[in-house]
Amino acid sequence: ETALDLNFLGINLSKVLSENLTDWKMWILPAIALILTILSTLMSQNNATKNQSEKQKNDPQAQQAAAMSKSMFIMMPVMTAWITYSWPLGCALYWAISTITQMAQQFIVNEFVVKKMKPIVLKKKKKSQVKKQVIDVDANTVTDEGEKND
């Protein structure tokens, strides 16, 4: 008998789902890990599309990144399902807790850091646009990009 107790909420974490398909308790952790992975990828995609400007949406590199993001939306849940099906349930528990932690970090960054940084970034952007204006000393006029007004 082992000295470690590998039970968590009545589920033996050392068992593999693929070897115990008839035990309904074995399906709980893989299902939770799968649902959390889907929610995590949706959250990431939502944040990525929200932060894209119209100019970036027409950029070929941005379109390629969007296609890769869509493929990740499919592959991550499939990969999660396969791993939690074929590895011990302890991996499913680890995967679920890691995903919850990642989602919490992403939420905190989006809600607190990004929202606080947005006004600062916009302020710097306006300052950089003002710096692009050139003063034409001869005509005593302010013009954009050094164009001379007559």
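Residues numbered from 1 in each chain as written. Predicted model: local features only at pLDDT ≥ 70, side-chain atom pairs only at ≥ 80, totals over all residues. Heavy atoms only, no water.

Q: So, the confidence of the model for the protein chain: which residues are in play, and what are the values?
A: With 73% of its residues at a pLDDT of at least 70, the protein chain reaches an overall mean of 77. When pLDDT is averaged over each element of the protein chain, helix H1 (residues 28-50) comes out on top at 85 and strand S3 (residues 133-136) at the bottom at 48. (pLDDT = per-residue confidence, 0-100. Helix = DSSP H or I, 4+ residues; strand = E, 2+ residues; numbered from the N terminus.)

Q: Summarise a nonpolar patch on the surface; cite the residues concerned and give the values.
A: A contiguous nonpolar surface patch, about 680 Å² in accessible area, is contributed by Phe 107, Ile 108, Val 109, Phe 112, Val 113, Val 114, Met 117 and Ile 120. Within the secondary structure layout, Ile 108 lies in helix H4 (residues 89-132). (Patch = residues over 30% accessible without salt bridge, like charges linked within 9 Å, V, L, I, M, F, W, Y side chains within 5 Å. Areas by Shrake-Rupley, 256 points an atom, 1.4 Å probe, with all protein chains shown as cover. Salt bridge = Lys/Arg side-chain N within 4 Å of Asp/Glu carboxyl O.)

Q: Go over unusual backbone geometry, please, and point to the residues and values.
A: Residues other than glycine predominantly adopt negative phi, and peptide bonds predominantly adopt the trans conformation. The residue Leu 9 is not glycine, and still its phi comes out positive at about 55 degrees. Residue placement: Leu 9 occurs in the loop between strand S1 (7-8) and strand S2 (11-12). By relative accessible area, which is 75% here, Leu 9 ends up exposed. (Buried < 20%, exposed > 50% of the residue type's maximum accessible area, 1.4 Å probe, protein only.)

Q: Could you give me a rundown of the packing of aromatic side chains, with the residues and numbers involved?
A: Evaluated as defined, the whole model comprises one aromatic pair. Measuring from centroid to centroid gives 6.0 Å for Trp 82 and Tyr 85, while their planes differ by 35 degrees, and the two rings are tilted. Taken together, the positions of Trp 82 and Tyr 85, both in helix H3 (residues 60-86) and three residues apart, correspond to about one turn of that helix. Trp 82 gets classed as exposed once you look at its relative accessible area, which sits at 57%. (Phe/Tyr/Trp six-rings, centres within 6.5 Å; stacked < 30°, edge-to-face > 60°.)

Q: Tell me about the side chain of Thr 41, residues and numbers included.
A: Here Thr 41 shows up in helix H1. Under the relative-accessibility criterion, Thr 41 is labelled buried at 13%. Filtering out sequence-adjacent residues up to four positions away, Thr 41 remains in contact with Met 72, Phe 73 and Met 76. (Contact = heavy atoms within 4.5 Å.)

Q: I'd like a rundown of the environment of Cys 91, residues and numbers included.
A: Considering the arrangement of structural elements, one finds Cys 91 in helix H4. Taking the C-alpha atoms as reference, Cys 91 lies 9.0 Å from Pro 30; in sequence the two are 61 residues apart.

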